[in-house]
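Letter by letter, the chains look like this.
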Amino acid sequence: MKGPAAAVDLSVVIPAYNEERRLGPTLDAIAGYLGEDEGRWGDWEIIVVDDGSTDGTRDIVSGRPDPRVRLVTSPRNRGKGHALRLGVGASLGRRVLVTDADLAAPIEELERLDKALSEGCAAAIGSRSVPGATIGDRQHPVRELLGRAGNVLIRRIAVPGIRDTQCGFKLFDGDRAREAFADSRLDGWGIDVEVLQHFRRSDWPVAEVPVRWSHQSGSKVGALDYGRVLAELTRLKARALRPADALAVVFFLVMSTALYSGRLFDPNHRYLPDSMRDQNQWEWFFAVTADNVAHFRNPLFTDLQGFPDGVNLMANTVMLGVSVPFAPLTLLAGPAISLSVVMTLGLAATAAAWYWLIVKRVVHQRAAAFVGASLAAFAPPMVSHANAHPNFIILFMIPLIIDRALRLCTGTRVVRDGIVLGLMAAYQIFLGEEPLLLAAIGMLLFAAAYGLIRRDVAKAAWRPLLRGLLIAGTTCLPLIVYPLAWQFYGPQSYHSVLHGDNAGNSPLALLSFAERSFIAGNADTANALSLNPTEQNAFYGWPLVALAFAIVVRLWEHALVKALAFTAVAAAFLSLGPEFRIPLTDLVLPGPWALLAGKPLFESVIESRVAMVCAPALGMLVALAVDRLAGTRLRSAQYVGFVGVCLALLPLVPAPLKAVDRAEVPAFIADGTWKSYLGKGEALVPVPLPDPGDAEALHWQTVAGMDFKLPGGYFNGPYGEDRTGIYGAAPRHTSNLLREVRYSGVVPEIGENWREVARQDLEFWKAGVLVLAPQPNDAKLRETVEKLVGSPGKWTGGVWVWDLHAGS
């Protein structure tokens, strides 16, 4: 029996397919170079892998007398990757050189690669794209352009930091090369990337070495191979996704679907009552954006609501970042379905983004990251906003922005990361400006705390961070300057929206449970401590607060824990507003928000929302705790710790959002009867006019395909000479009168003065028809309108109508 083959110092592996013409000179050059300096290169071998050639390639190898030149064959052509896997697997060298049969990089360049391996690298790859490389004969410009584009794509999605993965001249540590190639699965040109990914995952250092390179005629890379490489990169990306990561994303989607289960499967006929009138408003936002896109109109303005003055859409939360991309779905299926899909997917995407950030920056245990991300995305304030505010639940850009800012701190690729951060910030502005402001507050709090704790890190990071932020601002500003100018100075712009003297949280709200908490929820308590069901911005519950305190005490030695704790506490304190009352006392204390209240950017913020910053901070603290518990060997500590985490989080598990049958749209609107009552440029006037208290007419408008205009409405607009922001259109005497009758049921004395005011208001609204649908006090409203216009209404299509045209 033969014993195991003896190891050699260097193996040269050459994949070959129909290389009869070029292989002979290549073998002569390599053997001659290695043979001239046996003392330098030691024992060597050359392995030619014939990949199912149909010419005389095999004969070129088998006919050579030198036993150090070996032939490995494949019965059929399967690609460069398969050939290299066979060749490297058959190699015996302590080092393995992989080179193409054309020897575009001369064998003499081996000296450079060997030097890099001698300095401690596990692999040294020849590169045409790093300083010091020289290129003789160049490829055809089209091939060169495709190659550069491919390298950019590879750097972005596969092996960041390596400029040229495809140069066919690479030297590896032998054992590591055999492990990496044995683990590979690709048979084509993408194997270079796959092997380098293996080295990257294993933390084996790779050096990119400049080499001389010249294009050789007879290349086997065809035009279709670029597409094949792209397909292989897609396979690589799919393989890089761990099953646990995919499972986490699936679970997040299931959780989001369960939360919206009451509306998700029939959005057109189901309504979330805790959204109050916001579901109608948001469906209208999606509908008007799609209508503007379809008709090539300005997406920043419309007069379909608030007619004739119109609505500054940029000054309202229309979320152009999703409402524009989803415009085709809105036009095809309707705004109710589009909004439902966006909110469900958006919440799941937010959870997935927090999961990605926590895995990348905080913990290694996937289960720990899942728990932390679930808390960050499905915390009580997020569930509260899930009723009505997609801009506060579709936050998947925030973790990406945080990660990019942290990259800037390393100072490695400041320009690139600064540009990317600027683009991300610009996109987030079109998703929601207030969430970006709150995220910035959270990041500033964290940076201040971490910088004080780790001054060495802060000292090294502040210069590249500042430079990157300047680059980000320079990138972002041109993209947003016009929309922001329109928002603050364009038609129907306003200065601020007033939410009352104090919209802060009660300290008790931080310790209580939200209405939609499945186990511990209490609607009466939650509503007593919040503005409304959509603004339950705290409600983390005392068990979670106690758990967070225990985590901070136990892991206090970690700078990250201290910074997260400070961020959560500071955000909670800011959310108390400009002043707050100590529970169970009459003692009122000033809050830190008083320093910000009334300042630009902060004047319109509902300060209780700052407590939402606590959700990801608490999520990361819990993830750290779970990660530490998973790594401990003390079973008793694991048991007690996991029980504590479960007891703190179970009361916060949300129940599905309440959903009810939607009010039917009157046939007068649904079947298009209204069209015969309106002339060109005229408005349909609901009685009373739509406002934040009753915006059902917005649903009428979306059902009608946005084909008529409405005075009044539910939006933010200006009021008075100082243009103070209010909810709804600027009130007029007639709109105030009709609203008062609806809520009071009392018809005032209607004289000529009221009729004259009504004529002026109807003329201002360019009213073509008045429409009164069944509602509370509708008989009193009908009586009032008859007195104002001097004629009885007509019952048609399920509503009372008053045709305002002369002679009708």
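As a starting point, this report considers the structure included with it. Computed from a prediction, not measured in an experiment: that's the story for all the values here.

### Things to note about the packing of helix α25 (residues 559–574) against helix α26 (residues 614–631)
Phase 1 of the analysis: Where α25 meets α26, the axes come as close as 9 Å, and the angle between the chain directions of the two elements is 150 degrees. Overall, the two elements α25 and α26 adopt an arrangement that is roughly antiparallel. Of the two elements, α25 crosses α26, and the hand of that crossing is left-handed. Taken together, the residues of α26 that come into contact with α25 (itself represented by Leu560, Val561, Leu564, Ala565, Ala568, Ala571 and Ala572) are Cys614, Ala617, Met620, Leu621 and Leu624.

### A closer look at the packing of aromatic side chains
In this description, an aromatic ring pair is defined by two values, namely the gap between the centres and the angle between the planes.
Phase 1 of the analysis: If you walk through the whole model with that rule in mind, you get 18 aromatic pairs.
Phase 2 of the analysis: Aromatic side chains Phe172 and Phe181 sit 5.8 Å apart centroid to centroid with 85 degrees between the ring planes, which places their arrangement in the edge-to-face category.
Phase 3 of the analysis: Residue class for Phe181 comes out buried when judged on its relative accessible area of 3%.
Phase 4 of the analysis: Arranged with centres 6.1 Å apart and planes meeting at 70 degrees, the rings of Phe252 and Tyr355 form a pair that is edge-to-face. Remark: Tyr355 occurs in helix α15 (residues 335–361) and Phe252 occurs in helix α10 (residues 243–259); sequence separation between them is 103 residues.
Phase 5 of the analysis: A network of ring pairs unites the aromatic residues Phe172, Phe181, Phe199 and Trp204 as a single cluster.
Phase 6 of the analysis: Directly above the ring of Trp41 sits Arg40, whose terminal nitrogen or CZ lies 4.1 Å from the centroid.
Phase 7 of the analysis: When the ring centre of Phe764 is taken as reference, the NZ or CZ atom of Arg732 above it lies at 4.0 Å.

### Overview of the pairing of strand β17 (residues 716–719)
Phase 1 of the analysis: Pairing analysis gives four bridges linking β17 to strand β18 (residues 724–727), with the strands arranged antiparallel. Each residue of the ladder has a partner; that of Asn716, found in β18, is Tyr727.
Phase 2 of the analysis: Taken together, β17 and the strand that follows it, β18, pair antiparallel across an intervening segment of four residues, in which Gly720 is found at a positive phi of about 80 degrees.

### Thoughts on helix α32 (residues 778–789)
Phase 1 of the analysis: Taking 1.5 Å of rise per residue, the 12 residues of α32 would be expected to cover 16 Å, and the 16 Å separating its terminal C-alpha atoms lies within 8% of that figure.
Phase 2 of the analysis: For α32, the full list of buried residues reads Leu781, Thr784, Val785 and Leu788. Taken down its axis, α32 places every buried residue within 95 degrees of arc, on the same side.
Phase 3 of the analysis: In this structure, the buried residues of α32 make contact with α30 (733–744), α31 (752–764), β19 (767–772) and β21 (799–803).
Phase 4 of the analysis: Of the residues flanking the end of α32, it is Gly790, one or two places downstream, whose phi is positive at about 80 degrees.

### Let's talk about the sheet that holds strand β4 (residues 93–99)
Phase 1 of the analysis: Here we have seven strands laid out as an open sheet, ordered β3-β2-β1-β4-β7-β5-β8, and mixed in their pairing. Looking along the sheet, the strands with just one partner apiece sit at the ends: β3 (69–74) and β8 (206–210). Taken pair by pair, the neighbouring strands of this sheet meet at an average axis angle of 20 degrees, ignoring direction.
Phase 2 of the analysis: Bridge analysis of strand β5 (residues 123–127) against strand β7 (residues 169–173) gives three bridges, and the strand direction is antiparallel. Within the sheet, the bridge partner assigned to Ala124 lies in β7 and is Leu171.
Phase 3 of the analysis: Lying over the sheet, helix α1 (residues 23–36) contacts β1 (8–16), β2 (44–51), β3 and β4, oriented at roughly 165 degrees with respect to β2.

### Considerations on the pattern of salt bridges
Phase 1 of the analysis: Counted according to the given criterion, the structure contains 44 salt bridges.
Phase 2 of the analysis: Note that Lys658 is salt-bridged to Asp274, the shortest N-O span being 3.5 Å. Note that Lys658 is positioned in the loop between α27 (635–649) and β15 (660–661) and Asp274 in the loop between β10 (270–271) and α12 (278–294), a separation of 384 residues in sequence.
Phase 3 of the analysis: Classification of Asp274 by relative accessible area gives buried; the value is 9%.
Phase 4 of the analysis: A salt bridge links Glu786 to Arg782, with the nearest nitrogen and oxygen atoms 3.3 Å apart. Of the two residues, Glu786 and Arg782 both sit in helix α32, four residues apart, roughly one turn of that helix.

Cut-offs used in this document
Residues numbered from 1 in each chain as written. Predicted model: local features only at pLDDT ≥ 70, side-chain atom pairs only at ≥ 80, totals over all residues. Heavy atoms only, no water. Axes fitted to C-alpha atoms, helices over the stretch in contact; angles between N-to-C directions. Helix = DSSP H or I, 4+ residues; strand = E, 2+ residues; numbered from the N terminus. Parallel < 35°, antiparallel > 145°, perpendicular 65-115°, else oblique. Left-handed = near helix turned anticlockwise from the far one by under 90°. Contact = heavy atoms within 4.5 Å. Phe/Tyr/Trp six-rings, centres within 6.5 Å; stacked < 30°, edge-to-face > 60°. Buried < 20%, exposed > 50% of the residue type's maximum accessible area, 1.4 Å probe, protein only. Lys NZ or Arg CZ within 6 Å of the ring centre and 35° of its normal. Pairing = 2+ DSSP bridges. Expected span 1.5 Å × (residues − 1). Arc of directions from axis to C-beta. Salt bridge = Lys/Arg side-chain N within 4 Å of Asp/Glu carboxyl O.

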